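Coordinate analysis (summary)
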Amino acid sequence: MPSSSNAAAARHADANWTPDQPIVAIRNVHKSFGDFEVLRGITFDVMKGDVICIIGASGSGKSTLLRCINALVPIDSGSIKVEGQEVHQPNLNTLALRKKVGMVFQQFNLFPHKTALQNIMMAPVQVLKQDKDAVRERARRLLAKVRLEGKEDAYPGELSGGQQQRVAIARSLAMNPDVMLFDEVTSALDPETVNEVLLTIRELAEEGMTCMLVTHEMGFAREVADHMYFTDRGIIVEHGPPQEFFANPKDERTKAFLGQIL
Amino acid sequence: MAKRHDVYGTTDLPVLLPAAERLNRQAAAERVLGAPKLRLRAWHGLALAAVIVLWTSFVWAQADGAGNEQQESVISAIWRWLPVLLGGFVFNIAISFLSMGIGTVAGTLLGIMQISQVWPVRGSSWLVTQFFRNAPWLVLLFFCMFLLPFEFTVFGVTIPFPDWIKAVIGLALPVMANVSEIVRGAIQSIPSGQWEAAHSLAFSRWQILSQIILPQCVKRMLPPWMNLYAILTMATVLASVVGVGEVMTLTQRVLAAENRPEFLVPFYGFVMLLFFAYCYPIARTTQKLELRYAVKQ
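For every chain, the first residue of the written sequence is number 1, and numbering continues from 1 onward in sequence order. Each chain takes a letter, starting from A, and each ligand takes a number, starting from 1, following the order in which they are written. Totals for whole chains, interfaces and linings use every residue, but because this is a predicted model, local features are given only for residues with pLDDT of at least 70 and side-chain atom pairs only at 80 or more, for both listing and counting. Water and hydrogen atoms were dropped before computing side-chain values, which therefore reflect all heavy atoms in the structure.

Which entries qualify depends on this criterion: UniProt positions are given in the numbering used here, feature names are shortened, and annotations may be inferred rather than shown by experiment.
The name an unreviewed UniProt entry assigns to chain B is Polar amino acid ABC transporter permease, from the organism Rhodovibrio sodomensis. Quoted verbatim from the Sequence similarities (unreviewed entry) field of UniProt, the annotation for chain B is "Belongs to the binding-protein-dependent transport system permease family. HisMQ subfamily."

In the annotation of an unreviewed UniProt entry, the entry for chain A reads Peptide ABC transporter ATP-binding protein, and the organism field reads Rhodovibrio sodomensis. Its UniProt record gives chain A the following Sequence similarities (unreviewed entry) comment, quoted word for word: "Belongs to the ABC transporter superfamily." Quoted straight from UniProt, the Subcellular location (unreviewed entry) entry for chain A says "Cell membrane".

1. Some thoughts on the overall build of chain B
Filter applied, for reference: Per the convention used, a helix needs a DSSP run of H or I reaching at least four residues, while a strand needs a run of E reaching at least two, with both numbered from the N terminus. Contacts were defined at the residue level, with two residues in contact if any of their heavy atoms lie within 4.5 Å. In short, Shrake-Rupley with a 1.4 Å probe defines the accessible areas, and a residue's cover is counted only from the protein chains shown.
A count of helical and extended segments in chain B gives 10 helices and two strands. Helices and strands appear in chain B in the N-to-C order α-α-α-α-α-β-β-α-α-α-α-α. The contacts in chain B between residues at least 6 apart in sequence include a share of 71% that link residues at least 24 apart. Total accessible area computed for chain B in this model is approximately 17300 Å², and 70% of it derives from carbon and sulfur atoms.

2. Quick word on the overall build of chain A
We count it as follows: Between the two quantities, the radius of gyration covers C-alpha atoms and the globule rule is 2.2 Å times the number of residues to the power 0.38. Note on exposure labels: buried denotes an accessible area under 20% of the residue type's maximum, exposed denotes more than 50%, and partly exposed covers the range between, all computed with a 1.4 Å probe on protein chains only. None of His or the chain ends enter the tally, which takes Lys and Arg as positive and Asp and Glu as negative. To locate a charge, the coordinates of NZ of Lys, CZ of Arg, CG of Asp or CD of Glu are taken.
Counting its secondary structure elements, chain A contains 10 helices and 10 strands. Over its C-alpha trace chain A gives a radius of gyration of 18 Å, about what one expects of a compact globule, namely 18 Å for 262 residues. Taken along its principal axes, the extent of the C-alpha atoms in chain A is 55 × 45 × 35 Å. Taken across its 262 residues, chain A has 53% of its residues classed as buried. In chain A, of all internal contacts separated by at least 6 residues, the share reaching a separation of at least 24 is 63%. Surface accessibility of chain A: about 11200 Å² in total, with carbon and sulfur atoms responsible for 46%. Here chain A carries 29 positive and 33 negative side-chain charges, and the mean point of each set is 4 Å from the other.

3. Things to note about the pairing of strand β6 (residues 101-104) of chain A
Residues and elements named next belong to chain A. Our working rule: Two strands are said to pair when DSSP picks up at least two bridges between them.
By the alternation rule, side chains of β6 split into Val 101 and Met 103 and Gly 102 and Val 104, which are all buried. Here β6 runs beside strand β7 (residues 179-183); their pairing, made up of four bridges, is parallel. In the strand pairing of β7, Met 103 is matched with Leu 181.

4. Let's talk about the UniProt feature "transmembrane region" (unreviewed entry) in chain B
As recorded in UniProt, the sites labelled "transmembrane region" (unreviewed entry) are residues 42-61, 82-115, 135-157, 228-251 and 263-283 of chain B. For residues 263-283 of chain B, the end-to-end C-alpha separation is 30 Å, with 95% helix and 0% strand making up the annotated structure.

5. Here's the deal with the packing of aromatic side chains
Residue and element names in this part refer to chain B. Selection rule: Any pair of Phe, Tyr and Trp rings, taking the six-membered ring for Trp, is counted once the centres come within 6.5 Å. Such a pair is stacked with planes under 30 degrees apart, edge-to-face with planes over 60 apart, and tilted for the rest.
Per the stated rule, a full pass over the model turns up 13 aromatic pairs over all chains. Measuring from ring centre to ring centre gives 6.4 Å for Tyr 229 and Tyr 278, while their planes differ by 65°; the resulting arrangement is edge-to-face. Of this pair, Tyr 229 sits in helix α8 (residues 205-235) while Tyr 278 sits in helix α10 (residues 264-295), placing them 49 residues apart in sequence. By relative accessible area, Tyr 278 is classed as partly exposed at 23%.

6. Brief notes about the confidence of the model for chain A
Here is the rule: Every residue gets a pLDDT, meaning the predictor's confidence in that residue, from 0 to 100.
When the pLDDT values of chain A are averaged, the result is 89; 94% of them are 70 or greater. pLDDT under 50 marks residues 1-12 of chain A. Its contacts with residues more than four places away, or in other chains, come to 20 contacts.

7. Thoughts on the interface of chain A and chain B
For the record, the criterion: Summed over both partners, the accessible area (1.4 Å probe) lost when two parts come together is defined as the buried area. Here, a salt bridge means any Lys or Arg side-chain nitrogen found within 4 Å of an Asp or Glu carboxyl oxygen. Any pair of N or O atoms that falls within 3.5 Å is considered a polar contact. Within protein, one atom must be able to donate a hydrogen and the other to accept it, and sequence-neighbouring residues count only if both atoms are side-chain atoms.
Listed by partner, the interface residues are 23 residues for chain A and 16 residues for chain B. Surface buried jointly by chain A and chain B totals about 1700 Å² across both partners, of which 62% is contributed by carbon and sulfur atoms. At the boundary of chain A with chain B, the tally comes to one salt bridge. Our count for the contact surface shared by chain A and chain B stands at seven residue pairs in polar contact (both at pLDDT 80 or more). Those elements that provide at least two residues to the side of chain A that touches chain B are α3 (94-100), β6, α4 (116-126) and α6 (161-173) of chain A.

8. So, the sheet that holds strand β10 (residues 235-240) of chain A
Residues and elements named next belong to chain A. As a reminder of what qualifies: Here an angle of 0 to 180 degrees is reported between the N-to-C directions of two axes, which are lines fitted to C-alpha atoms, with helices fitted over the stretch in contact.
Pairing is mixed across the open sheet formed by six strands, whose spatial order is β6-β7-β8-β3-β9-β10. Of all the strands in the sheet, just β6 and β10 have a single pairing partner and so form its edges. Between one strand axis and the next, the sheet turns by 20° as a mean value, whatever way the strands run. Of the strand pairs in this sheet, strand β3 (residues 51-56) and strand β9 (residues 227-232) are connected by five bridges, and their pairing is parallel. Paired with Ile 55 across the strands is Phe 230, a residue of β9.

9. A look at the UniProt feature "domain: ABC transporter" (unreviewed entry) in chain A
In this numbering, the UniProt entry assigns the feature "domain: ABC transporter" (unreviewed entry) to residues 24-258 of chain A. Within the segment residues 24-258 of chain A, helix and strand shares are 38% and 26% respectively, and the terminal C-alpha atoms sit 27 Å apart.

10. Brief notes about the packing of α6 of chain A against helix α7 (residues 191-206) of chain A
Residue and element names in this part refer to chain A. So the rule is basically this: What sets the label is the angle itself: under 35 degrees gives roughly parallel, over 145 gives roughly antiparallel, 65 to 115 gives roughly perpendicular, and the rest give oblique. A clockwise turn of the near helix away from the far one marks a right-handed crossing, whereas an anticlockwise turn of less than a right angle marks a left-handed crossing. The residue classification treats Ala, Val, Leu, Ile, Met, Phe, Trp, Tyr, Cys and Pro as nonpolar and Asp, Glu, Lys and Arg as charged. All others, Gly included, are polar.
Running from N to C, α6 and α7 point in directions that differ by 20°, and their axes come no closer than 8 Å. Judged by the angle between their axes, α6 and α7 are roughly parallel. Considering only the axes of α6 and α7, their crossing is right-handed. Facing Gly 162, Gln 163, Gln 165, Arg 166, Ile 169 and Leu 173 of α6, the residues of α7 in contact are Thr 193, Glu 196, Val 197, Thr 200, Ile 201 and Leu 204. Across the contact of α6 with α7, the residue classes tally to five nonpolar, five polar and two charged.

11. Comments concerning empty space enclosed by the protein
What counts, and what does not: Using a 1 Å grid laid over the protein atoms alone, points where a 1.4 Å probe fits but cannot get out form a cavity; open sets with protein on both sides within 12 Å along at least 5 of 7 lines form a pocket; any residue with an atom within 4 Å of a point counts as lining. Grid points are joined across faces, edges and corners, and a volume is the space filled by probe spheres set on the points.
Tallied over the full model, the rule gives two cavities of 30 Å³ or more. Volume-wise, the largest cavity comes out at about 50 Å³. What lines the largest cavity is Met 103, Val 104, Phe 105, Phe 108, Ala 168, Arg 171 and Ser 172 of chain A together with Ala 197, Ser 200 and Leu 201 of chain B. Those elements that provide at least two residues to the lining of the largest cavity are β6 and α6 of chain A together with α7 (192-200) of chain B. Ranked by the residues each element gives to the lining of the largest cavity, the list is headed by α6 of chain A, at three residues.

12. Describing the environment of Trp 17 of chain A
All names here are of chain A. Mapped onto the elements of the fold, Trp 17 is located in the loop between α1 (7-11) and β1 (24-33). On the basis of relative accessibility, which here comes to 2%, the residue Trp 17 falls in the buried class. Residues Trp 17 and Phe 182 lie 165 residues apart in sequence; the distance between their C-alpha atoms is 24 Å. There is a polar contact of 2.9 Å between the side chain of Trp 17 and the backbone oxygen of Pro 22.

See below:
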């Protein structure tokens, strides 16, 4: 074990990985759905504590890429490593991987038959087998962190979109993940609730959580991202630090896309 | 002369036009009729059935009683046989409970097997479901009657296997197949996002099914399940064909004992009434539940 102080390193199985290596390493990933090649050779690294934003037109493979990282979608070729654990291997310990990687979805996907607090508590209690009282305490703190104290007993149907999405973020955080994946988390929200969700994500990023965001919020991306990636038809066309990326895009496709959006 | 559209008045709001048109038509019809249109309620059905029973019995008694002296009226005959008939009906309900219980447990398992990731499990459970779902209930009943032994001997202990238990099993088979389809349909109607979210939280497949998917299915399954129960209850009279002493069998025996052909219609009418009184509230509740769940997602 490289460093006992690092909980992340102590938890995962791969002894060769150290926190100074990429926490997510993606190499030449290909993925097809039927005849349609969604990912055509994606390669990049994410370091611990990085916030990266992936932008691109609909259908360019952004969401699929995120789903490949926590093995919701199996890849056809290439390799993905999360903290050294090889996601592409057939003998992958899926559950061990998913304990390290949290994911938040466009449609929130809260469990409608459980209250906000129960939604957050379920996975730590049932998957991690943690003590129920301790988990309840942590779940309350997480709800407070996303500014939803008092909503413990509300069912998802009683919450606004923005509130549901913040519960979903808290639910993911309750598993103490090392990487958070955000898949267009504000796309299904009313404009006035977008900011409360973005604020939550920004705080997470500032606390040093490794975040990978697929987003259409360019202003937000420019502020929080350490690195921008632009995908088009399954490949990364251009990437760079946000100031440079937005001010001075080099590729024609990036220029065209940003021209449409900004 | 202008068209008569004056009962509900006219409207210049386009959205109201279809409704206004319909209400005007209804008003016109009611004017011709001279009374409000009848809206059928539960008690209308009951009252109608009761009237038919009374009327037919009256007619039969009149037609036949003219020649004979001092015959018992059909009402008092039904009253006299009431304990026997009700006892038989309770037996029907008992059969329906048992069949439904067995069929639900087996059908739930079968339905879950239908979405298994192991193809032999999925395929075989699909085959079983389709086979029993598309077989006539009476044929299944006959098969159970003649294929199952009248007693089992396990470790030297002989367990009797009476006809009514065979009937319960025979009826449980199609129930199982139908419940299997209800469960499969309900599971597949849950949005895939629920699976994705649960997977990303590292739940195992079985945990997802039992903790997240199936609890959400219960609401969706309740109306079709109750519907199936009402159908099953009415089908329990099939057991009379294979000689189980339920309400139809008993009615036949009573009629044979009475030996009065004019009792035939009122007695069977009474049995119909029993089933109607039991099944109709179930059907109404099902409709109400469907309506309520349709509104709340």
